[in-house]
Structure formats: structure tokens, C-alpha cells
Amino acid sequence: QVQLVESAENLVQPGGSLRLSCAASGFTLDYYAIGWFRQAPGKEREEVSCISSNDGSTSYADSVKGRFFISRDKPKNTVYLQMNSLKPEDTAVYFCATGPTWCRGLESFGTWGQGTQVTVSS
């Protein structure tokens, strides 16, 4: 199962930072592409970032490029999403999910974490 864990307060001021963690029990994340997604009220779930399993390549949504960074810590069987320079528009429920070797978009992800609320507000 994919587990999503907050690394800091879920209420963050604009310009602040937060790191989210995604870990699995019973299997290794090394074999999967790991995606981070978010869903804001009234909006569809969108891909924020993804890291592939075969070459470690990463991708980011245009809205978070230069601010968010995805990384994989294999010994800890954990994937992180480092979120910097947070904006109110980043407020959403964030999910991690496992997919095939390559990052192929939302439809390719099958196992999802529970999700966690991130609120960016002063």
C-alpha cells in the first residue's frame, strides 16, 4: 500500500516550504513510476510531478516547475515531494500513486495513497 505522510504543518504561509513523503509497505517503490497529484475543490485531479523507475527522469507541471522537486530515496523506500515558494493556488489534497516504469499520465497510475490536505494561506 502507498502511504502519504506529511513532513511539516499542513497549513503553510505563502512563500513557505513543505515536504511530503510517499512510502510503501510490503513492496519496493523502485519498480514503479511514482506520481504526485493534487485535487483542489471543484477541479479535476492533476499530475504535479512524476519520477520514473527505469532512469529516474522527472517531470513537473508547468505551474510548479522551479518550485517543486521530486526525489526517490531507495534505502528508505520513499519518494518525496519538496514544495517551495508555496502559493495559495497550491492548496489542494495531495496524493502519491504508483504506475508503470515510465510516467504516462494520470490514467496509468493504479495504486493510490490516502491523500493529505495542504493549505497555503496567511
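Anything mentioned here points back to the structure above.
Undergrad: I'd love a proper account of the overall build of the protein chain, names of residues and values included.
TA: Tallying secondary structure elements over the protein chain gives zero helices and eleven strands in all. Put simply, the protein chain runs from its N terminus to its C terminus through helices and strands in the order β-β-β-β-β-β-β-β-β-β-β. Against the 2.2 N^0.38 benchmark of 14 Å for 122 residues, the protein chain shows a C-alpha radius of gyration of 13 Å, consistent with a compact globule. Along the first, second and third principal axes, the C-alpha atoms of the protein chain reach 40 × 25 × 25 Å. With 122 residues in all, the protein chain has 42% of them scored as buried. Put simply, 57% of the contacts in the protein chain that link residues at least 6 apart link residues at least 24 apart. For the protein chain, the centre of its 11 positive side-chain charges and the centre of its 12 negative side-chain charges are spaced 3 Å apart.

Undergrad: Explain the pattern of salt bridges to me, and be specific about the residues and the numbers.
TA: Under the defined criterion, the tally for this structure stands at four salt bridges. Its salt-bridge partner being D90, residue R38 comes within 2.9 Å of it at the nearest N-O pair. Note that R38 is positioned in strand β4 (residues 33–39) and D90 in the loop between β8 (78–83) and β9 (92–99), a separation of 52 residues in sequence. Note that D62 and K65 form a salt bridge whose closest N and O atoms lie 3.1 Å from each other. Bridged by salt links that share partners, the residues R38, E46, R67 and D90 form one connected network.

Undergrad: I'd like a description of the state of the cysteines, backed by residues and values.
TA: Within this structure, the stated rule accounts for two disulfides. Put simply, C22 and C96 are joined by a disulfide, and their sulfur atoms are 2.0 Å apart. Negative torsions about the S-S bond denote left-handed disulfides, and the value of about 75° found for C22 with C96 makes this one right-handed. Pair noted here: C22 is in strand β3 (residues 18–24) and C96 is in strand β9, with a separation of 74 residues, a long-range link. By the burial criterion, C22 is buried, and C96 matches it. Shown here for the protein chain is a disulfide pattern of 1-3, 2-4, where each number marks a bonded cysteine counted in sequence order.

Undergrad: Let's hear about the pairing of strand β5 (residues 46–51): which residues, and what values?
TA: Each regular strand shows side chains that alternate between the opposite faces of the sheet. The pairing of β4 with β5 spans five bridges and is antiparallel. Following the sheet pairing, W36 is matched in β5 by S49. Here β4 folds back onto β5, and the loop between the two strands holds six residues, one of which, G42, carries a positive phi near 75°. Alignment of β5 against strand β6 (residues 58–60), held across three bridges, turns out to be antiparallel. Looking at β6, one finds that C50 is bridged to S59. Adjacent in sequence and paired antiparallel, β5 and β6 are bridged by six residues, among which G56 carries a positive phi angle near 75°.

Thresholds, definitions, all that
Residues numbered from 1 in each chain as written. Predicted model: local features only at pLDDT ≥ 70, side-chain atom pairs only at ≥ 80, totals over all residues. Heavy atoms only, no water. Helix = DSSP H or I, 4+ residues; strand = E, 2+ residues; numbered from the N terminus. Rg over C-alpha atoms; globule rule 2.2 N^0.38 Å. Buried < 20%, exposed > 50% of the residue type's maximum accessible area, 1.4 Å probe, protein only. Contact = heavy atoms within 4.5 Å. Lys, Arg positive; Asp, Glu negative; His and termini not counted. Charge placed at Lys NZ, Arg CZ, Asp CG, Glu CD. Salt bridge = Lys/Arg side-chain N within 4 Å of Asp/Glu carboxyl O. Disulfide = S-S within 2.5 Å. Pairing = 2+ DSSP bridges.

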